[in-house]
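Structure at a glance
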Amino acid sequence: MSQIQRIAGRPSDIGEGMVVLRALPTRARRMVGAWCFLDHLGPVQFAAGQGMHVGAHPHIGLQTFTWLIEGEVLHRDSLGNEQVIRPGQVNLMTAGHGIVHSEDSVAGGQRLHAAQLWIALPADAVDCAGGFAHYPELPGWDDGGCRFTLLAGSFAGRTMAGDFRSPLVGLDLWSEAGAMARLQLDPEFEYGLLPLQGEVRMGGESFATDEFAYLGLGAESLAIDLAPATRILLLGGQPFGEPVQMWWNFVGFSKAEIARAQRDWEAGSPRFGRVAGDEGRRLVAPPLPWAGY
Ligand code: MN
């Protein structure tokens with residue numbers, strides 16, 4: 001394993017005072033494989049009557065990926081899907097040409113702990129039809145004092161056969177008592193690791209919660225030492241072929257395509273549809289940062 005790149009996540013306000021830790025993208029690292037966005041939510045205990053509420057907003061060119069560790073969140077989208085996600089489950093929404101969704105804590109006063117990610121769609125899928133999939137049960141196993149949960153793709157001979165459009169992997173690793181583990185890696189993948197709780201040592205260095213470790217490409221294994229009560233998220237994938245543009249909730253291969261999406265959203269275009277009953281909570285996009293689009 002070559003030098004591990006240590007990247008500080010940055011606090012980001014996602015609305016109504018809900019502050020999350022953003023680990024991707026950062027100035028130092030834009031993507032890991034097709035994974036292009038990573039927010040760590042909580043763990044937080046909401047006060048009575050309080051919760052996470054994100055009103056209707058659009059996406060294009062990506063898939064949203066939610067891994068829920070604690071809490072209950074209701075997803076609703078412009079395709080008519082309504083799905084409560086619970087601990088141990090994954091939601092995968094394909095935006096493609098355009099979709100709208102909202103996300104709400106099911107009840108006030110709950111705990112919430114989750115990772116919310118985006119996966120950039122490759123050129124042959126970037127403009128595809130929207131879709132939504134809920135994965136209530138994921139491959140999971142115990143090994144060497146660790147609980148493994150396979151969130152996406154394949155790892156160590158197991159597969160989470162989700163609707164993914166490029167080669168990637170997502171793995172949650174939890175150890176109650178602390179453990180040393182050797183993880184098999186795919187040398188054709190680049191990897192990144194985010195401690196979600198506790199602390200992990202690797203390559204002679206220690207990484208605390210919300211310190212993103214970019215591990216690079218070409219390694220066949222990773223030796224890690226998890227402190228007691230540690231949870232990590234491992235992401236990997238084939239390096240994404242083409243650079244993507246990202247703005248607000250849009251991902252695409254050109255500024256012009258993203259600007260068009262923003263104008264379509266502002267104009268109320270049928271491109272995005274609507275979340276039934278949620279018109280009063282339609283999020284407003286900030287002004288485009290680029291002149292001439
Ligand atoms: Mn969203």
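For the structure itself, consult the block above.
Let me begin by describing the structure that accompanies this report. As a convention, each chain's residues are numbered from 1 in the sequence order in which they are written. In view of the model being predicted, local features appear only for residues whose pLDDT reaches at least 70, and side-chain atom pairs are presented and counted only at 80 or more, with totals across whole chains, interfaces and linings using the full set of residues. Only hydrogens and water are set aside when side-chain values are computed; all heavy atoms of the structure are taken into account.

1. A word on the pattern of salt bridges
Throughout this description, the term salt bridge denotes a Lys or Arg side-chain nitrogen within 4 Å of a carboxyl oxygen of Asp or Glu. The full count for this structure, using the stated rule, is 15 salt bridges. A salt bridge links Arg6 to Glu211; the shortest N-O distance between them is 3.2 Å. Taken as a pair, Arg6 in strand β1 (residues 5-8) and Glu211 in strand β21 (residues 211-217) lie far apart in primary sequence, 205 residues in all. Note on Arg6: relative accessible area 36%, which makes it partly exposed. Type-normalised accessible area, obtained with a 1.4 Å probe on protein chains alone, sets the label of each residue: buried when under 20%, exposed when over 50%, and partly exposed for intermediate values. On the basis of relative accessible area, Glu211 is assigned to the partly exposed category, the value being 23%. Note that Arg111 is salt-bridged to Glu70, the shortest N-O span being 2.6 Å. With Arg111 in strand β11 (residues 111-120) and Glu70 in strand β6 (residues 62-70), this residue pair connects regions lying 41 residues apart in the sequence. Look at the salt bridges and you will find they share partners, linking Arg76, Asp104, Asp278 and Arg281 into a network. We count a stretch as a helix when DSSP gives it H or I for four or more residues in a row; a strand needs E for two or more, and each element gets its number in order from the N terminus.

2. Comments concerning the coordination of the manganese ion
Every protein donor of the manganese ion is accounted for by His57 (NE2), His59 (NE2) and His101 (NE2), and the metal-donor separations fall at 2.1 Å. Nitrogen, oxygen and sulfur within 2.8 Å of a metal are treated as its donors, or within 3.2 Å for sodium, potassium and calcium (Na, K, Ca); water is not counted, so a site can appear incomplete. Sequence spacing of the donor residues for the manganese ion, all on one chain, is H-x1-H-x41-H. Judged by relative accessible area, His59 falls into the buried class, the value being 2%.

3. What about the sheet that holds strand β4 (residues 35-45)?
Within a sheet, adjacent strands bond to each other through the backbone by hydrogen bonds, running parallel or antiparallel. On the basis of which strands lie adjacent, the open sheet formed by seven strands has the order β2-β3-β4-β11-β6-β9-β12 and antiparallel pairing. Edge positions in the sheet fall to β2 (10-13) and β12 (131-135), since each of these pairs with one other strand and no more. On average, adjacent strands in this sheet sit at an angle of 20 degrees to one another, irrespective of strand direction. Strands were regarded as paired on the criterion that DSSP finds at least two bridges between them. One ladder, built from five bridges, connects β6 with strand β9 (residues 90-94); its direction is antiparallel. Note that in β9 the partner of Trp67 across the bridge is Val90. Axis geometry follows a simple rule: fit a line to the C-alpha atoms, using only the stretch in contact for helices, then measure angles between N-to-C directions, giving values from 0 to 180 degrees.

4. As for the layout of surface pockets
Only protein atoms enter the calculation, which uses a 1 Å grid: trapped sets of points that fit a 1.4 Å probe without letting it out are cavities, open sets showing protein on both sides within 12 Å along at least five of seven lines are pockets, and any residue with an atom within 4 Å of a point is a lining residue. Grid points are joined across faces, edges and corners, and a volume is the space filled by probe spheres set on the points. Approximately 490 Å³ is the volume attributed to the largest pocket. Along the walls of the largest pocket sit 24 residues, with Ile14, Arg22, Val54, His57 and Asn249 positioned nearest its centre. Of all the secondary-structure elements, those providing two or more residues to the lining of the largest pocket are β2, β4, β5 (53-59), β6, β10 (99-105) and β11. Per-element accounting of the lining of the largest pocket gives the leading share, five residues, to β5. Amino acids are sorted into nonpolar (Ala, Val, Leu, Ile, Met, Phe, Trp, Tyr, Cys and Pro), charged (Asp, Glu, Lys and Arg) and polar (every other residue, Gly among them). Residue classes in the lining of the largest pocket are distributed as eight nonpolar, eleven polar and five charged.

5. Let's talk about the nonpolar core
Residues enter a nonpolar core if they are buried and are Ala, Val, Leu, Ile, Met, Phe, Trp, Tyr or Cys, with the set joined through side-chain atoms within 4.5 Å. Grouped together as the largest cluster of nonpolar side chains are 70 residues, with contacts concentrated most on Leu38, Phe65, Leu183 and Ile224. Take this core: its biggest share by element is six residues, from strand β14 (residues 146-155). Any two residues having at least one pair of non-hydrogen atoms within 4.5 Å are treated as being in contact. With sequence-adjacent residues up to four places away left out, Leu38 is seen in contact with Leu21, Arg22, Ala23, Leu24, Ala115, Gln116, Leu117, Leu194, Phe212, Leu233 and Leu235.

6. Structural notes on the sheet that holds strand β20 (residues 205-208)
The four strands are arranged β17-β22-β19-β20 in an open sheet whose pairing can be described as antiparallel. Edge positions in the sheet fall to β17 (179-184) and β20, since each of these pairs with one other strand and no more. Going from strand to strand, the sheet's axes swing by 30 degrees on average, the running direction of each strand aside. The pairing of strand β19 (residues 199-202) with β20 spans four bridges and is classified as antiparallel. Residue pairing in the sheet places Met202 in a bridge with Glu205 of β20.

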